[in-house]
Amino acid sequence: NADTLYELILSDSSEPTVAGDELTYSLDFSYRGDAASVNNTTLVLSLPTGVTFVSATDGGSLSGSDVSWPLGFLSPGDGGTRSVTVTVDAGAASASVINAFARIGSLTNPLQMARSEVNTAVSSSSGLQLAFETNSNPARPGTLKHHQILVSNTEPFTRFGAVLTLIYPGEY
């Protein structure tokens with residue numbers, strides 16, 4: 001909404017996430033610089049079904065499925081970040097999606113609230129498989145060794161940022 005006094009961006013720490021793992025939601029918010037000061041501002045994250053609350057930063061408190069922060073008085077240009085950590089239910093179905101919603105606004109002017117949501121895909125496992133093969137067994141000193149490393153993604157999601165590190169013992 002172009003007329004809102006607030007900006008809110010809700011993001012997750014992992015896409016996809018793995019069933020049974022922790023997931024952190026970040027809520028980045030700001031109050032428009034050309035607006036008058038406002039009182040009674042509240043930031044709320046509605047937790048999705050399929051997660052269990054672990055913790056919240058900066059005094060966020062859980063009530064039902066909502067984590068809230070009473071931000072109180074905001075001056076033009078004020079903003080910040082709050083975070084919530086949850087555990088994704090171990091029985092969450094692979095390829096399912098969990099949806100979290102956040103909102104920020106003043107209780108005295110609910111029409112000016114900003115909203116944001118994030119959808120996180122769930123995987124039942126890490127989804128990455130690793131196979132390592134070598135041509136010489138046993139390995140003999142001074143001989144050339146050929147290795148093959150095969151990494152495959154068994155989930156229906158694209159994986160980004162995977163790092164493979166191969167460490168050889170000394171003098172190889």
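Things to note about the pattern of salt bridges
- One pass over the full model with this rule turns up three salt bridges.
- Between D58 and R82 there is a salt bridge; the shortest N-O distance is 3.9 Å. Here the residue D58 occupies a position in the loop between β5 (51-56) and β6 (61-63), and R82 occupies one in strand β8 (residues 79-88), the gap between them amounting to 24 residues.
- Put simply, R103 and D66 hold a salt bridge, and the shortest N to O gap is 3.8 Å. Linking R103 in strand β9 (residues 97-106) with D66 in strand β7 (residues 66-74), this pair joins segments that are 37 residues apart in sequence.
- In this structure R103 comes out as partly exposed when scored by relative accessible area, which is 28%.

Focus: the packing of aromatic side chains
- Per the stated rule, a full pass over the model turns up one aromatic pair.
- Here Y6 and Y31 contribute two aromatic rings whose centre-to-centre distance is 5.2 Å and whose plane-to-plane angle is 50°, an arrangement assigned as tilted. Residue Y6 is found in strand β1 (residues 6-12), and its partner Y31 is found in strand β3 (residues 22-31); the two are separated by 25 residues along the sequence. When sorted by exposure, Y6 lands in the same class as Y31, which is buried.

What to know about the confidence of the model for the chain
- Chain-level statistics for the chain give a pLDDT mean of 84 and a share of 78% at 70 or above.
- The weakest mean pLDDT in the chain belongs to strand β11 (residues 128-134) at 64; the strongest belongs to β5 at 98.

Some words on the sheet that holds strand β10 (residues 114-123)
- The mixed open sheet is built from six strands, whose spatial order is β2-β10-β9-β4-β7-β6. Strand pairing shows two members of the sheet lacking a second neighbour, β2 (17-18) and β6, which therefore form its edges.
- Pairing between β6 and β7: three bridges, direction antiparallel. Paired with L62 across the strands is V67, a residue of β7.

Side note on the side chain of S46
- Residue position: S46 is located in strand β4 (residues 38-46).
- Under the relative-accessibility criterion, S46 is labelled buried at 16%.
- Polar contacts involving the side chain of S46 include one to the side chain of D66, which spans 2.8 Å.
- In this structure S46 touches S65, D66, A100, F101 and R103, once residues within four positions along its chain are discounted.

Some remarks on the side chain of T41
- Along the chain, the position of T41 falls in strand β4.
- Judged by its relative accessible area of 1%, T41 falls in the buried class.

Quick look at the environment of D78
- Inspection of the secondary structure puts D78 in the loop between β7 and β8.
- Take D78: its relative accessible area is 30%, and that puts it in the partly exposed class.
- On a C-alpha basis, the gap between D78 and G33 in space is 7.8 Å, while along the polypeptide they are 45 residues apart.
- Each residue touching D78, except ones within four places of it in the same chain, is listed here: S30, Y31 and F73.
- Polar contacts involving the side chain of D78 include one to the main-chain amide nitrogen of S75, which spans 2.7 Å.

Criteria and thresholds
- As a convention, each chain's residues are numbered from 1 in the sequence order in which they are written.
- Only residues with pLDDT of 70 or above have their local features reported here, since the model is predicted, and side-chain atom pairs are shown and tallied only from 80 upward, although totals for entire chains, interfaces and linings are computed over all residues.
- The basis for every side-chain value is the complete set of non-hydrogen atoms in the structure, without hydrogens or water.
- For this analysis, a salt bridge means a side-chain nitrogen from Lys or Arg found within 4 Å of a carboxyl oxygen belonging to Asp or Glu.
- What counts as a helix is a DSSP run of H or I of at least four residues, what counts as a strand is a run of E of at least two, and both are numbered from the N terminus.
- The cut-offs for exposure are 20% and 50% of the maximum accessible area for each residue type, with area from a 1.4 Å probe on protein chains only; residues under the lower value are buried, those over the upper are exposed, and the others partly exposed.
- The aromatic pairing rule takes the rings of Phe, Tyr and Trp, using the six-membered ring of Trp, and pairs them if the centres are within 6.5 Å, calling planes under 30 degrees apart stacked, those over 60 edge-to-face and the rest tilted.
- pLDDT measures how confident the predictor is about each residue, on a scale from 0 to 100.
- When DSSP finds two or more bridges between a pair of strands, those strands are recorded as paired.
- Whenever a nitrogen or oxygen atom comes within 3.5 Å of another N or O atom, the pair is scored as a polar contact, on the condition that within protein one atom can donate a hydrogen and the other can accept it, and that pairs from neighbouring residues in sequence are kept only if both atoms are in side chains.
- Note on contacts: a residue pair is in contact if any heavy atoms of the two residues lie within 4.5 Å.

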